[in-house]
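# Coordinate analysis (summary)
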Amino acid sequence: MTSQPVRFYQVGSFAVGNRLFDKENRTVQSDPHRSNSLDSGHRACQGCGEALGARYALDAAMRATGGQLIAVNATGCLEVFSTPYPETSWRVAWLHSLFANAPAVATGVAAALKVKGMQDVRVVGQAGDGGTVDIGFGCLSGMFERNDDVLFICYDNEAYMNTGVQRSGATPPAARTATTEAVGAEPGNVFGQGKDLPRLAMAHGIDYVATATVADLHDLEAKVERAMQFHGARYLHILVPCPLGWGSAPNDTIRVARLAAESGIFPVFEAEHGEVTAVSPIRHREPVESYLSLQSRYAHLFGEHGRPDIVARIQAIADHNISTYGLLEEQAVGTGSNETSP
Amino acid sequence: MKELPFAITLEVGSSHANRTGSWRVERPVYVDRMPPCNNACPAGENIQRWLYEAESGDYETAWRQLADDNPFPAVMGRICYHPCETTCNRAQLNEAVGINSIERFLGDLAIERGWPLPRAGSDTGKRVLVVGGGPSGLSAAYHLRRLGHEVRLVDSAPELGGMMRYGIPAYRLPREVLVAEVERIIALGIHVELDHTVHDIESERRNGGFDAVFLAVGAQLARRVEIPAGDSSRILDAVSLLHRTAEHDPPLLGRRVAIYGGGDTAVDAARTARRLGATDAVIVYRRNRERMPAHGDQIEEAIEEGVTMRWLSTVSRFEGDHLVLEKMRLNDKGFPEPTGEFDELDADSLVLALGQDTDLSLLDEEPGITIEEGVIEVSPAMMAGGNGIFAGGDAVPSERTATVAIGHGKRAARGIGAYLAGQILVDPPCNELATFDHLNTWYYSDAPRTRRPELEQARRQSTFDEIFGGLTEDNALFEARRCLSCGNCFECDNCFGVCPDNAVIKLGGSARYEFDYDFCKGCGICAQECPCGAIDMVPERI
Ligand SMILES: Cc1ncc(C[n+]2csc(CCOP(=O)(O)OP(=O)(O)O)c2C)c(N)n1
Ligand code: SF4
Ligand SMILES: [Mg+2]
């Protein structure tokens, strides 16, 4: 009856689902029969971003592999809250060994599968930022360098949350943690250090590296899907706000993640063979203040004895990201479009 | 017992045994809030709901939902002043949803496809007399038939429609559209008697054996003022100008026409004068534009068509070929005061558009009815007297628009239904308003409004052809999808997706969702990320 297809769907692809989309364009999460890899009853805090990110990523990986998936987990919140003996929340084949060695164990699992001729079964390694950028980094770098057939996912909540919010190599400048207190001339974590793991992964020249947040589900799922098309080492870095460690309201988890991306403080992009191939453009640019002020780990930057100079330095980092990745360039690549071809 | 691996003492269990719902101090609940459009609709349409149906391209269901409240979608889609769009939350994002143009699209499609109105209800054996075949009377007749009452509809004019036929100019409402929608109502089995003037309501009621009466006699008497005028001066009123034009017998106006008044009728009269050949159509109004009661878009369209305005002026005299106008000023309270300064305006004729009164002589013998400032006092159920006399439309105190009249008709039908059943009409409690701050607008696509095609200027000034065209199906669908579904779940799956505890159950179809309180920890992400504000967090009673 229509001459031209209507390319507009009310919430477009921003929301989780859309009754106006045809089945193929819907997210895994909108499917009532999704695998729920991480089941109810887990002991993560209210509003845990890591629990959400893990279910998003593994459910997508389950769909991409037709359920032929083994997950290897490092020590950290995700492991602790999901598997207090003798319970488990995992509905995927799941393995935990140590804090430092998840990438190596994943390598081993992949090698075993190869020996057994079961290469249709795919392997995901996963860890928190501590397990990835600090203690697990040696193993991870080796896994990259050998190009082992593993997708490694870092759930980045920017500190060692499980042991009480200690600073990690991924903790951002000025953030207060148990080990970077908000005192002195440079309160909170120091500027200029820390590791940009997506960049380090790209430097290994591996097939696929991407970043994502729990605020853009379509994007996150598309990246897992894409990653599963490669055989070899792949890396996905997902920003997962932590209400407890960040001092944000439990109901703000997604909002905070969205503001991280919309302010430019967390660039969302993907790279293949060491080159950035796509970025998620910022839809409505926000100053970093909108992002920082929702989190009490930055409380010392605001109020009567606030530090606008430090906020300005953080803004400069965001601005730098925006120009480095071209986050404000016309909506050429990336996701979050309000259109789809029916 | 199954043999366990070395050093393992307990069997593996699922975390499902761990009811994390006990952590909760607040629980999410699904709510339906009142969308501002519905709240503003004088005809009580469930706009958000029919837009929802239209969004999926199911226009027939959308139209049925619409016609359930208002049997005139095609008429409304043309002449309603759409207060819904004024309050639409989308306006705060970019521009209001073009509700009125979608309504017209649905209305026109229904006529084209011949979709019938819902059938009459099963016979109650009660008889109702409806006096007046305008929007209010027709709406009441429609709703009364659906309740199963027998309806006799009488009107003193030769055709049905009231002001929709004899007042509103054809360039805003082509008559064939009106006829199609009126005929569809009459087809529900309404007994119509035209050219029949009711002089005494009591005897009319007794003779016909009616159990209740609905008075919707409108306001047809043009208000006049004494204006000193020379013999050759032509003064006439807007009601008869519009009426005669509608009957294809327009009066002679000359080339320079002054219209006295500031309401929608004055604007209709001025625009009609332009189409009848007037080179000058000048509206004389004693206040300024801000205080003009006519609707803004009507004023703008009139100005586009070359109608001009003399603000802050009253007509003192009509001297042969010109009017003498007195200049006014507004005092602190905004009332116009004479200044003693005068001005002239060349004019061949003067059209008075100073408001209309209701002829209520049919109630002269009727006890127990209160008439205040020329209109009938009514209860919330539109009841005028204790013995089953109801009234609505322009004959009762209200804003005088067709949409308000249609709303009155519906309300009165319900009031009459309750009365005939020996009950009192009670309204269900009203949901809390879905204000803009209830919405999480990040999720909505940015989408500009679709404009309807306008008739080009030259044709607008000389013909009575309809000015606005309809939307195409693509445009209508796009426009419907701009709706934010304020306060009412539209199944975007956000709550289902964003719960870190999988505590939302998707019921599927259009059955929406349910919370699994065994596992909901009460984090509130679902409520925060719901685009349309359909989830509330309420404290848990511990
Ligand atoms: C070798 C070793 N050192 C220290 C610990 C204690 N420990 C357990 S979890 C954890 C922090 C994990 O942080 P991260 O990897 O960022 O994950 P998160 O809990 O933040 O998700 C630490 C220090 C350990 N289990 N093993
Ligand atoms: S956006 Fe939709 S539901 Fe909200 S006020 Fe406008 S038309 Fe009504
Ligand atoms: Mg961490």
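Described below are features of the structure shown in this document. The structure presented is a predicted model; accordingly, all values stated were derived computationally and were not measured. (Residues numbered from 1 in each chain as written. Chains lettered and ligands numbered in written order. Predicted model: local features only at pLDDT ≥ 70, side-chain atom pairs only at ≥ 80, totals over all residues. Heavy atoms only, no water.)

Residues and elements named next belong to chain A. Here helix H11 (residues 308-325) contains 18 residues, and its C-alpha end-to-end distance of 25 Å stays within 8% of the 26 Å for a straight helix at 1.5 Å per residue. For H11, the full list of buried residues reads Ile 310, Val 311, Ile 314, Ala 318, Asn 321, Ile 322 and Tyr 325. Burial along H11 is one-sided: seen end-on, the buried residues are contained in an arc of 135°. In H11, the exposed positions that point more than 90 degrees away from the buried face belong to Pro 308, His 320 and Ser 323. Contacts made by the buried residues of H11 are with helix H6 (197-203), helix H9 (253-263), strand E8 (269-272), strand E9 (275-279) and helix H10 (288-292). (Helix = DSSP H or I, 4+ residues; strand = E, 2+ residues; numbered from the N terminus. Expected span 1.5 Å × (residues − 1). Buried < 20%, exposed > 50% of the residue type's maximum accessible area, 1.4 Å probe, protein only. Arc of directions from axis to C-beta. Contact = heavy atoms within 4.5 Å.)

To continue, consider the nonpolar core. One broad trend across soluble globular proteins is that nonpolar side chains are buried collectively. If you look at the biggest cluster of nonpolar residues, it comprises 84 residues, and the most contacted ones within it are Val 131, Ile 201, Leu 215 and Ile 376 of chain B. Split by domain, the residues of this core number at least three in each of domain 2 (36-115 + 439-480) and domain 3 (127-220 + 358-420) of chain B. The contacts of Ile 376 of chain B, once residues within four sequence positions are left out, are Leu 215, Leu 360, Leu 363, Ile 369, Thr 370, Ala 384, Ala 391, Ala 395, Val 396 and Pro 397 of chain B. Core analysis: the next-biggest nonpolar cluster, separate from the first, contains 71 residues, Val 92 and Ile 153 of chain A together with Cys 495 and Ala 503 of chain B among them. (Core = buried A, V, L, I, M, F, W, Y, C linked by side-chain atoms within 4.5 Å. Domains from an automatic or database assignment.)

Time to look at the environment of Asn 46 of chain B. Residues and elements named next belong to chain B. Positionally, Asn 46 belongs in the loop between helix H1 (36-40) and helix H2 (47-55). By relative accessible area, Asn 46 is classed as partly exposed at 27%. Expressed as a C-alpha distance, the spacing of Asn 46 and Ala 67, which sit 21 residues apart in the sequence, is 10.0 Å. Filtering out sequence-adjacent residues up to four positions away, Asn 46 remains in contact with Asn 38, Gln 65 and Asp 69.

So, about the sheet that holds strand E1 (residues 69-73) of chain A. All names here are of chain A. Pairing within the open sheet is mixed, and its eight strands lie in the order E3-E1-E4-E5-E7-E6-E8-E9. Of all strands in the sheet, those with a lone pairing partner are strand E3 (93-96) and E9, marking the two edges. Across the sheet, the axes of successive neighbouring strands diverge by a mean angle of 20°, strand direction being ignored. (Pairing = 2+ DSSP bridges. Axes fitted to C-alpha atoms, helices over the stretch in contact; angles between N-to-C directions.)

The subject of this paragraph is the packing of helix H6 (residues 99-113) of chain B against helix H9 (residues 175-186) of chain B. Residues and elements named next belong to chain B. Their axes nearest at 11 Å, the elements H6 and H9 cross at an angle of 70°. With respect to each other, H6 and H9 are oriented roughly perpendicular. For the pair H6 and H9, the sense of crossing is left-handed. Between H6 and H9, the contacting residues are Gly 107, Ala 110 and Ile 111 on the first element and Val 177, Ala 180, Glu 181 and Arg 184 on the second. Residue classes in the contact of H6 with H9 are distributed as four nonpolar, one polar and two charged. (Parallel < 35°, antiparallel > 145°, perpendicular 65-115°, else oblique. Left-handed = near helix turned anticlockwise from the far one by under 90°. Nonpolar A, V, L, I, M, F, W, Y, C, P; charged D, E, K, R; others polar.)

What follows covers the pattern of salt bridges. All names here are of chain A. Inspection of the entire model under this criterion finds 51 salt bridges over all chains. Linking Asp 149 and Arg 122 is a salt bridge whose minimum nitrogen-to-oxygen distance equals 3.1 Å. Within this pair, whereas Asp 149 is found in the loop between helix H5 (137-146) and strand E5 (151-156), its partner Arg 122 is found in strand E4 (residues 122-128), the two being separated by 27 residues in sequence. With relative accessibility at 21%, the residue Asp 149 sits in the partly exposed group. Given the relative accessible area of 6%, Arg 122 is considered buried. (Salt bridge = Lys/Arg side-chain N within 4 Å of Asp/Glu carboxyl O.)

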